[in-house]
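# Examination of the molecular architecture
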Amino acid sequence: MKNIKDYNLEELKKEFQELGEKPYRAEQVFMWLYREKVKDFDEMTNISKELRQKLQDNYSMCNFKIAKKLVSKDGTKKYLFDVLDGNMIETVLMEYHHGKTLCVSSQIGCKMGCKFCASTGIPFVRNLTSGEIVEQILAVEQEENTKISNVVFMGIGEPFDNFDNVINAIGILNNPKGLNIGARHISISTSGIVPKIYELADKKIQCTLSISLHATNDKKRSEMMPVNNAYPIEELMKACNYYIEKTNKRISFEYALAKDNNDNLEDAKELVKLLHGMLAHVNLIPINKIENGKFVKSTDKNIIRFRDYLNDHGIVATIRRELGSDIEAACGQLRRKTIEEKR
Ligand code: SAH
């Protein structure tokens, strides 16, 4: 059955037209879904019984079930959602002083194979639909009785490998008649699928682009991230410059520091050269070691030295706070299989 949450408002109006219904009815239903967050068509009290029945017959509501919820000492919450077809996905809620950020998954599994990431090794199952992406925000808002202020596409999956559904989901999230999360409060993180960076730039959506860079030369980067063989650094940076030129928006570069791998001053120097003069920000992530992984976390001393070198040479760099590490909710730790085994 079709999931009613897969449609943005314009698409929903078209669906309603096909059902022989007026467009304003679609708007009412949209508001029931995303403002009132109802879980059943029968709760839509200003909609006639007949129409409610018609909706019931044609669409599902895709209300995820919470299979598991873990709460970290630092307040971070990790949800394991049952997406109703036997698969599970993970979503993480983090609290910052400026609001609540939800880290969402874009795929069930991931094809990218980054060597340091725990999602590697889980077989890729499928893309999430737009409605399943949006449902992660809805379900958490319902459960916590709260408003999510920021959404980051940094959970399981490569958002640019599921580009259309991710972009459509952003359109649904943005709508002021619904969840009303502005594009400026949404970040998409990519391992560097170059053609999609151009596509996003041309769409002129005001969301933040994060690039998982992690190394400054092709040899090192390809060792960490196989995607670099398809889209090497020079091509990646060209696309990034195009994006900045088109959107006038700053790019956030993610750099996970691994001991004796990419954390020495030579690397910092190369990074300064690479990003010199660019509208950029560097997010340093102390790497989280994964089971049997060869990359281990840098020392605090090296992390701080790396950050200071960048800052002293005109590149704005910050160290990302590690949240949720005790519940395996920190960067790169999301791993469906491990959780399933523990259930
Ligand atoms: N596929 C997308 C988004 C998911 S990962 C991407 O690659 O950007 C979100 C971020 O966490 C990425 O920057 C990723 O490189 C980083 N990450 C993955 N595993 C990590 C680990 N073990 N330690 C630190 N960061 C990690």
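Residues numbered from 1 in each chain as written. Predicted model: local features only at pLDDT ≥ 70, side-chain atom pairs only at ≥ 80, totals over all residues. Heavy atoms only, no water.

All right, on to the overall build of the chain then. What the chain contains, in helices and strands, is 12 helices and 14 strands. The globule rule puts the C-alpha radius of gyration for 343 residues at 20 Å, and the 21 Å found for the chain is close to it. C-alpha extents for the chain along the principal axes are approximately 70 × 45 × 35 Å. When each of the 343 residues of the chain is scored for burial, the buried share is 55%. (Helix = DSSP H or I, 4+ residues; strand = E, 2+ residues; numbered from the N terminus. Rg over C-alpha atoms; globule rule 2.2 N^0.38 Å. Buried < 20%, exposed > 50% of the residue type's maximum accessible area, 1.4 Å probe, protein only.)

Residues in contact with the ligand amount to 19 residues; listed here are only the nearest, Phe-116, Ser-189, Ser-212, His-214 and Asn-288. Take Thr-190: an N or O atom from its main chain is 3.4 Å from an oxygen atom of the ligand. In isolation the ligand has 530 Å² of accessible area, and contact with the protein removes 96% of it. Counted by class, the shell around the ligand contains 8 nonpolar, 9 polar and 2 charged residues. (Near = heavy atom within 4 Å. Polar contact = N/O pair within 3.5 Å; in protein donor to acceptor, adjacent residues only side chain to side chain. Areas by Shrake-Rupley, 256 points an atom, 1.4 Å probe, with all protein chains shown as cover. Nonpolar A, V, L, I, M, F, W, Y, C, P; charged D, E, K, R; others polar.)

Per the domain assignment, the segments making up the chain are domain 1 (2-60) and domain 2 (65-342). On a C-alpha basis, the centres of domain 1 and domain 2 stand 33 Å from each other. Buried area between domain 1 and domain 2, both sides added, is near 1,300 Å², and the carbon and sulfur share of it is 56%. For domain 1, the biggest contributors to the area lost against domain 2 are Lys-5, Tyr-34 and Lys-37; these three give 41% of the whole. For the pair domain 1 and domain 2, the interface holds 3 salt bridges. Here Glu-135 ties to Lys-5 by a salt bridge, and the two come within 2.8 Å at their closest N and O atoms. For the pair domain 1 and domain 2, the interface holds 10 residue pairs in polar contact (both at pLDDT 80 or more). At the level of elements, helix H1 (9-18) and helix H2 (23-34) are the ones that each hand at least two residues to the side of domain 1 that touches domain 2. With 5 residues, H2 is the largest single contributor of residues to the side of domain 1 that touches domain 2. The residue inventory of the side of domain 1 that touches domain 2, partitioned by class, reads 7 nonpolar, 2 polar and 7 charged. (Domains from an automatic or database assignment. Buried area = accessible area lost by both parts, 1.4 Å probe. Salt bridge = Lys/Arg side-chain N within 4 Å of Asp/Glu carboxyl O.)

Our focus in this paragraph is unusual backbone geometry. Backbone geometry places Asp-260, a non-glycine residue, at a positive phi of 55°. Relative to the assigned elements, Asp-260 resides in the loop between strand S12 (251-257) and helix H10 (265-275). At Asn-292, a position not held by glycine, the phi torsion is positive, near 60°. With respect to the secondary-structure elements, Asn-292 resides in the loop between strand S13 (280-286) and helix H11 (300-312). Look at Asn-292 and you get exposed, because its relative accessible area is 78%.

What follows is about the packing of aromatic side chains. All told, the structure shown has 7 aromatic pairs when counted by the stated rule. With centroids separated by 5.5 Å and ring planes inclined at 45°, the aromatic side chains of Phe-64 and Phe-81 adopt a geometry described as tilted. In this pair, Phe-64 is assigned in the loop between strand S2 (59-60) and strand S3 (65-71) and Phe-81 in strand S4 (residues 77-82), connecting sequence segments 17 residues apart. You can call Phe-64 buried: its relative accessible area is 7%. Through a chain of ring-to-ring contacts, the aromatic side chains of Phe-64, Tyr-79 and Phe-81 assemble into a single cluster. Across from the ring centre of Phe-124, 4.8 Å away, lies the NZ or CZ of Lys-111, which sits over that ring. (Phe/Tyr/Trp six-rings, centres within 6.5 Å; stacked < 30°, edge-to-face > 60°. Lys NZ or Arg CZ within 6 Å of the ring centre and 35° of its normal.)

Within the secondary structure, Ser-210 sits in strand S11 (residues 208-212). Ignoring anything within four residues of it in the chain, the contact list for Ser-210 reads Met-154, Ile-188, Ser-189, Thr-190, Ser-252 and Glu-254. (Contact = heavy atoms within 4.5 Å.)

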